[in-house]
Amino acid sequence: MELVNIFLKAAFIENLVLAYFLGMCSFLAVSKTVKTAFGLGLAVIFVLGITMPINWLINEYLLSETGPLGFDFSFLRFILFIAVIASMVQLVEMVIEKVSPSLYNSLGIFLPLITVNCAILGGSLFMVAREYNFGESVAFGLGGGFGWFLAIIAIAAIREKIRYSNVPPALRGLGMAFILTGLMGIAFMSLLGIDPAAFK
Amino acid sequence: MAEVTTAPAIKEKEPLFGKKEKKLITDPLTDNNPITIQVLGICSALAVTSLVLPSVVISVAVVFVCAFSSLFTSLLRTRIPKSIRMIVQLVIIATLVTIVEMVLKYFSYPVYRQLTIYIGLIITNCIVMGRLEAFAMANKPWRSFLDGIGNGLGYGLILVAVALVRELFGKGSLFAGSAAEMKIIGASSDYWINTAADGSWFSWYSNNNLMVLPVAAMFIIGIFIWIQRARNPELVDIS
């Protein structure tokens, strides 16, 4: 029950994009159509779901003082986490390039940039800060990925609809996407509770 | 036979700083801005810009990291195997960020303590890796270096502009935390315009707390994009 709770909380209430504003670049750049957004969303679920448990194991058994090495290596956390994420993304890139070249082309530079998608590193750092155990970290990774997936599908659908609306010409496309994300963020703030100190 | 060796083939030399090179620096400032056109580096633009001082420090750091990581990646570009290129790029970036962190710690410890989290965030700033992937992996070192500087500056320009708006309307001050701190408007006698004074013309004014939240940066950048594309309609992509 606790795991379901963590999954739902990560997906809906503490949504990585709309509540914490992590992983914004690919969120805005790849949300032009629902189809590409779907592909990127799945890739992010996969990467978050895999890297979170791996990083949990690394943090627990290599970096912490209570692990087998018996020394506090936490200063290596950033580099090791990023290396795990980079290798996973490299794997995803090779798979997508083989399986679906059209998706590979439409994602373009934003496929390798999943590596530096702050949602993924941010998720791993949240996991350390909140002291999750192994099962919880899996639930949090999948939930966070699912929340990211839902958010990018939502904004892609809104952007597809708004193409037929009477938006000022210069604001079409990217400008409107920024403002829409801001409005969605305000909606999510009501779930977190509006506390400026929590954001600073 | 000796004549042959004394007459080397005349190689067409590329100018060190010609028109193309100048364009590499000026383009990201306007028509190819990393934030408003390429959509790179948004996360940090939301996180840091509630105050001007961190924005300036981060911009300088990003210019440095972007320029030198482009240079080094470009030097190594023919030697990096494709299958591990991301890890190599990230190692280069992480090393440079660590150098920045140490330099800042040495020169100004108070600023370092205030900014230590944000400096770490430069590693995951997509603008650095984005330019490595898009430019430095396919171009010569000197041009990549200039491209890095240009994009860092273009990023810094937007960052500081957003921060000026957010700090002025959110906190009523400018450059808070630095030696040049200016307190413009607020409800005490420290500020230039004291809204709490008797008979003040600005008694209706209060600071806008929305500006302190990251959401405000989304709206401000959206408005910047609007202005930029209204002035240059060619930039609009209807998708």
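Since we're looking at a predicted model, the values are computed, not measured.

K.L.:
What am I meant to see in the overall build of chain B here?
P.N.:
Counting its regular elements, chain B contains nine helices and four strands. Helices and strands appear in chain B in the N-to-C order α-α-α-α-α-α-α-α-β-β-β-β-α. Its C-alpha atoms give chain B a radius of gyration of 22 Å, clearly above 18 Å, the size a compact globule of 239 residues would have. Counting only C-alpha atoms and orienting by the principal axes, one finds that chain B spans roughly 95 × 45 × 35 Å. Here chain B holds 239 residues, and the buried ones make up 50% of them. Residue pairs in contact within chain B that sit at least 24 positions apart in sequence constitute 69% of those at least 6 positions apart. Only carbon and sulfur atoms are counted for the fraction: they give 66% of the accessible area of chain B, which is about 12200 Å². Positive and negative charge centroids in chain B, built from 20 and 15 side chains respectively, lie 6 Å apart.

K.L.:
Sorry if this is basic, but what is going on with the confidence of the model for chain A here?
P.N.:
Do not read the predicted coordinates in detail wherever pLDDT is low. Per-chain confidence: chain A averages 84 in pLDDT, with 96% of residues scoring 70 or above. Of all helices and strands in chain A, the one with the weakest mean pLDDT is helix H9 (residues 196–199) of chain A (50), whereas helix H7 (residues 134–162) of chain A scores best (91).

K.L.:
Just to check I follow, could you spell out the nonpolar core for this structure?
P.N.:
Note on soluble globular proteins: their nonpolar side chains tend to be buried together. Met24(A), Phe27(A), Leu28(A), Ile114(A) and Ile42(B) are the most contacted members of the largest nonpolar core, which has 113 residues in total. Ranked by residue count, the leading element in this core is helix H3 (residues 34–63) of chain A, at 10 residues. Look past the residues within four positions of Met24(A) in its chain and what remains in contact with it is Val17(A), Thr181(A), Ile42(B), Cys43(B), Leu46(B) and Met218(B). Counting residues in hydrophobic clusters, the runner-up holds six residues, among them Val52(B), Ala163(B), Leu174(B) and Tyr205(B).

K.L.:
What exactly am I supposed to notice about the packing of helix H4 (residues 52–76) of chain B against helix H7 (residues 126–134) of chain B here?
P.N.:
When two helices pack together, their arrangement is captured by the angle between the axes and the distance separating the axes. All names here are of chain B. Between H4 and H7, the shortest axis-to-axis distance is 10 Å and the interhelical angle comes to 25 degrees. Taken together, the axes of H4 and H7 are roughly parallel relative to one another. Considering the relative orientation of H4 and H7, their crossing is right-handed. Along the contact surface, H4 presents Val62, Val65, Cys66, Ser69, Ser70 and Thr73, while H7 presents Ile127, Val128 and Leu132. Of the residues in the contact of H4 with H7, the class split is six nonpolar, three polar and no charged.

K.L.:
Can you help me understand a nonpolar patch on the surface in this one?
P.N.:
All names here are of chain A. On the surface, Met1, Val4, Leu8, Phe12, Ile13, Leu150 and Leu191 cluster together to form a nonpolar patch covering roughly 660 Å² of accessible area. Here the nonpolar patch gets four residues from one element, more than from any other, and that element is helix H1 (residues 2–13). As for its position among the elements, leucine 150 is in helix H7.

K.L.:
Help me understand the interface of chain A and chain B, please; the structure alone is not making it clear to me.
P.N.:
Quite often, the size of an interface is put as the accessible area lost when its parts meet. With 47 residues of chain A at the interface, the matching set in chain B holds 42 residues. In this assembly, chain A and chain B are joined by one salt bridge. Taken together, chain A and chain B are joined by two residue pairs in polar contact (both at pLDDT 80 or more). Within the residue set of the side of chain A that touches chain B, elements represented by two or more residues are helix H2 (24–29), helix H4 (77–99), helix H6 (118–129), helix H8 (174–192) and H9 of chain A.

K.L.:
Is there a simple way to think about the pattern of salt bridges in this case?
P.N.:
In a structure, side chains of opposite charge can pair up when their charged atoms sit close to one another. Residue and element names in this part refer to chain B. In the structure shown here, the tally under the stated rule is five salt bridges over all chains. Here glutamate 133 ties to arginine 85 by a salt bridge, and the two come within 2.8 Å at their closest N and O atoms. Of this pair, glutamate 133 sits in helix H7 while arginine 85 sits in helix H5 (residues 85–107), and the two are 48 residues apart along the sequence. Arginine 85 shares its class with glutamate 133; the two are buried. Between arginine 131 and aspartate 147 there is a salt bridge; the shortest N-O distance is 3.1 Å. Residue arginine 131 is located in helix H7, and its partner aspartate 147 is located in helix H8 (residues 141–171); the two are separated by 16 residues in the primary sequence.

K.L.:
For this particular structure, what's the right way to read the environment of Ser74(A)?
P.N.:
Residue and element names in this part refer to chain A. Structurally, the position occupied by serine 74 is in the loop between H3 and H4. Accessibility expressed as a relative area gives 29% for serine 74, which makes it partly exposed. Spatially, the C-alpha atom of serine 74 lies 5.3 Å from that of leucine 63, the residues being 11 residues apart in sequence.

K.L.:
Can you walk me through H6(A) in this structure?
P.N.:
A turn of α-helix holds 3.6 residues, and therefore any two residues three or four places apart point the same way. Over its 12 residues, H6(A) extends 16 Å from the first C-alpha to the last, a length consistent with the 16 Å expected when each residue adds 1.5 Å. Among the 12 residues that make up H6(A), nine are buried, leaving the element largely enclosed by the rest of the structure. Those residues of H6(A) that are buried are in contact with H3, H4 and H7 of chain A together with helix H3 (42–48) of chain B. The backbone nitrogen of Ala119(A) lies 3.0 Å from a side-chain oxygen of the residue at the head of H6(A), namely Asn117(A). Following H6(A) by one or two positions, Glu131(A) adopts a phi angle in the positive range, close to 55 degrees.

K.L.:
For this particular structure, what's the right way to read the packing of aromatic side chains?
P.N.:
Each pair of aromatic rings is reported with the distance of its centres and the angle of its planes. Residues and elements named next belong to chain A. Per the stated rule, a full pass over the model turns up 13 aromatic pairs over all chains. Between tyrosine 20 and phenylalanine 126 the ring centres are 4.9 Å apart and the planes differ by 50 degrees, which places this aromatic pair in the tilted class. With a gap of 106 residues between them, tyrosine 20 in the loop between H1 and H2 and phenylalanine 126 in helix H6 connect regions that are remote in the sequence. With relative accessibility at 29%, the residue tyrosine 20 sits in the partly exposed group. Ring centres 6.3 Å apart and planes at 20 degrees place the aromatic pair phenylalanine 146 and phenylalanine 149 in the stacked group. With phenylalanine 146 and phenylalanine 149 both in helix H7 and three residues apart, this pair spans about one turn of that helix. Residue class for phenylalanine 149 comes out buried when judged on its relative accessible area of 11%.

About the criteria used
- Residues numbered from 1 in each chain as written.
- Chains lettered and ligands numbered in written order.
- Predicted model: local features only at pLDDT ≥ 70, side-chain atom pairs only at ≥ 80, totals over all residues.
- Heavy atoms only, no water.
- Helix = DSSP H or I, 4+ residues; strand = E, 2+ residues; numbered from the N terminus.
- Rg over C-alpha atoms; globule rule 2.2 N^0.38 Å.
- Buried < 20%, exposed > 50% of the residue type's maximum accessible area, 1.4 Å probe, protein only.
- Contact = heavy atoms within 4.5 Å.
- Areas by Shrake-Rupley, 256 points an atom, 1.4 Å probe, with all protein chains shown as cover.
- Lys, Arg positive; Asp, Glu negative; His and termini not counted.
- Charge placed at Lys NZ, Arg CZ, Asp CG, Glu CD.
- pLDDT = per-residue confidence, 0-100.
- Core = buried A, V, L, I, M, F, W, Y, C linked by side-chain atoms within 4.5 Å.
- Axes fitted to C-alpha atoms, helices over the stretch in contact; angles between N-to-C directions.
- Parallel < 35°, antiparallel > 145°, perpendicular 65-115°, else oblique.
- Left-handed = near helix turned anticlockwise from the far one by under 90°.
- Nonpolar A, V, L, I, M, F, W, Y, C, P; charged D, E, K, R; others polar.
- Patch = residues over 30% accessible without salt bridge, like charges linked within 9 Å, V, L, I, M, F, W, Y side chains within 5 Å.
- Salt bridge = Lys/Arg side-chain N within 4 Å of Asp/Glu carboxyl O.
- Polar contact = N/O pair within 3.5 Å; in protein donor to acceptor, adjacent residues only side chain to side chain.
- Expected span 1.5 Å × (residues − 1).
- Phe/Tyr/Trp six-rings, centres within 6.5 Å; stacked < 30°, edge-to-face > 60°.

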